[in-house]
Amino acid sequence: MNTERNLVIKDFKSILISLVVCIIGMGIFMHSLELRAENDKLLLKGVAIVVFIIGVARTKVEFGGINIDVENDEISFPGGAVRFNSIGQTLANLNQYFKRYTHKISGINYINAVDKRNVNKDGKISYNYQLTFTSTSGTVTLSFSNSAQRDQVYSIIVNLNNMGIPVQNR
């Protein structure tokens, strides 16, 4: 019998995108080594280092995934999901993409699962699966690459908070 009270859900797509940013940074750096002009080399090396550091920092945050700790009544997730009320708050929190956030599960008052349908110019349809919840700390929208992961997090939060079936109607 599994007595583990901690669930970690990792989104491979998000981790892969962060790793691609690291690779792009390394590619820019390698390209800068081939340039002849010293000014261009220095500028490109600086850009490459910044891009690489951003990629590494975001990969570190994404690799932690969404962590549901039932024992401590907490859900933690990569930054970028928190919505702020003003432009000033948003600008002050641009570093949120490089941090992890933690919310009390018992403080979640509202939760909603949505399938966002995207149609490109060729008519190809893709989906983005989102889970939005409002807690005492603010509103959070988590994105998932598949509905199974989203539904798993949704059902755990609903069950832990005894929210019942008609959560959207509250």
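Summary of the structure given here.

About the criteria used
Residues numbered from 1 in each chain as written. Predicted model: local features only at pLDDT ≥ 70, side-chain atom pairs only at ≥ 80, totals over all residues. Heavy atoms only, no water. Phe/Tyr/Trp six-rings, centres within 6.5 Å; stacked < 30°, edge-to-face > 60°. Helix = DSSP H or I, 4+ residues; strand = E, 2+ residues; numbered from the N terminus. Buried < 20%, exposed > 50% of the residue type's maximum accessible area, 1.4 Å probe, protein only. Pairing = 2+ DSSP bridges. Axes fitted to C-alpha atoms, helices over the stretch in contact; angles between N-to-C directions.

What follows covers the packing of aromatic side chains. The full count for this structure, using the stated rule, is 3 aromatic pairs. An angle of 20° between the planes, with centres 6.3 Å apart, marks the rings of F77 and Y101 as stacked. With F77 in strand β3 (residues 74–78) and Y101 in strand β5 (residues 100–104), the pair connects residues that are 24 residues apart, well separated along the chain. Residue classification places F77 among the buried positions, given a relative accessible area of 0%. Taking the centre distance of 6.3 Å and the plane angle of 85° together, the rings of F77 and F133 count as edge-to-face.

In this structure, D73 takes a positive phi of about 60° despite not being glycine. Within the element layout of this structure, D73 appears in the loop between β2 (66–69) and β3. Looking at D73, the relative accessible area reads 22%, which means it is partly exposed.

Our next topic: the sheet that holds β2. Strand order in the open sheet formed by 4 strands is β1-β2-β3-β5, with antiparallel pairing between adjacent strands. Each edge of the open sheet is held by one strand with a lone partner, namely β1 (6–9) and β5. For this sheet, the mean angle separating the axes of adjacent strands, direction not counted, is 15°. The pairing of β1 with β2 spans 4 bridges and is antiparallel. Paired with L7 across the strands is I68, a residue of β2.

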